[in-house]
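Take a look at the letters that make up each chain.
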Amino acid sequence: MELIQTFKKSYFLKMSNDKHLIAQVNSSQINIFENETYKHLAQFKEVGNASVFFSNDSNLLLAKDNDRKLVVYDLATMSIRCKLKPKVGSSNGDGDACISHDNKYIINLGYDFPYGYISVYDIENGKETRFREDMREVYNQIRYILQLPDGRMVFTTSGNVNL
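Residues numbered from 1 in each chain as written. Predicted model: local features only at pLDDT ≥ 70, side-chain atom pairs only at ≥ 80, totals over all residues. Heavy atoms only, no water.

Caption draft 1: The pattern of salt bridges, seen in detail. Tallied over the entire structure, the rule returns two salt bridges. In this structure, Arg-81 engages Glu-124 in a salt bridge whose closest nitrogen and oxygen atoms are separated by 2.6 Å. Of the two residues, Arg-81 sits in strand S8 (residues 79–84) while Glu-124 sits in the loop between strand S11 (115–122) and strand S12 (128–131), which places them 43 residues apart along the sequence. Residue class for Arg-81 comes out partly exposed when judged on its relative accessible area of 36%. A salt bridge links Glu-128 to Arg-130; the shortest N-O distance between them is 3.1 Å. One exposure class covers both Glu-128 and Arg-130, and it is buried. (Salt bridge = Lys/Arg side-chain N within 4 Å of Asp/Glu carboxyl O. Helix = DSSP H or I, 4+ residues; strand = E, 2+ residues; numbered from the N terminus. Buried < 20%, exposed > 50% of the residue type's maximum accessible area, 1.4 Å probe, protein only.)

Caption draft 2: Structural detail: the nonpolar core. In terms of nonpolar packing, the biggest core is built from 16 residues, with Ile-30, Ile-32, Val-52 and Leu-61 touching the most fellow members. For this core, the elements supplying multiple residues, two or more each, are strand S2 (21–25), strand S3 (30–34), strand S4 (40–44), strand S5 (51–54), strand S6 (60–64) and strand S7 (70–74). Per element, the largest residue contribution to this core is three residues, and it comes from S2. The contact partners of Val-52, leaving out residues within four places of it in the chain, are Phe-12, Lys-14, Ala-23, Val-25, Ile-30, Leu-61, Leu-62 and Ala-63. Val-72, Cys-82, Leu-84 and Ile-106 belong to the second largest nonpolar core, which has twelve residues in total. (Core = buried A, V, L, I, M, F, W, Y, C linked by side-chain atoms within 4.5 Å. Contact = heavy atoms within 4.5 Å.)

Caption draft 3: Up close: the sheet that holds strand S9 (residues 97–99). Across the sheet, four strands lie side by side as S9-S10-S11-S12; this open sheet has antiparallel pairing. One side of each edge strand has no neighbouring strand; the edge strands of this open sheet are S9 and S12. Across the sheet, the axes of successive neighbouring strands diverge by a mean angle of 25°, strand direction being ignored. Looking at chain direction, S9 and strand S10 (residues 105–112) are connected through three bridges and run antiparallel. Residue pairing across strands places Cys-98 opposite Ile-107, the latter belonging to S10. (Pairing = 2+ DSSP bridges. Axes fitted to C-alpha atoms, helices over the stretch in contact; angles between N-to-C directions.)

In C-alpha cells, the structure reads:
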C-alpha cells in the first residue's frame, strides 16, 4: 500500500457524486481539487468551518455554516452563484442540506431555538419558503427525492424529535 496524496489542515474531505472533484474543508476555507491529478482548482473563503454538499450532477457546491451563511458555488466557473440567508433570528443549525436534482433549489435544515424547520430556497431569487416550522421538531438529516409534476417536492428527514 502506498500513500497517494496528503491534504494538509483538513477538517474533512468530500468527493463529488461523479468522483471528479474533491472538496477539502478547514477552519477558514474550502479548496477544490481535481480527483485524478489532485490539481488545485479553486479556493473559497466565504464560509469557514463549513459543511459542504455537492449537487447530483456535481455542477454546484453548497457551503453552510451552523450560524447564518449559505453560499452556492458554480463549479463550472469556480465562482459564487448566490448567497442565501435565513430570516433574522434563525440559524442554519448543524443538520444536513441538499440541492434539488434540477439545481434550482436548496433544501436546508434550519433552527429557531428551540425548534427546527425545513427551508427551501430558490437559487435564482433567494426566496425562502419554510415547512414544518410549528411542528416542535428538530432534524439532523434530509435527502431530496424528487419533484412531482404539480411542483411539490418530496424529501426524507431523520432525527426529528417531538419536544
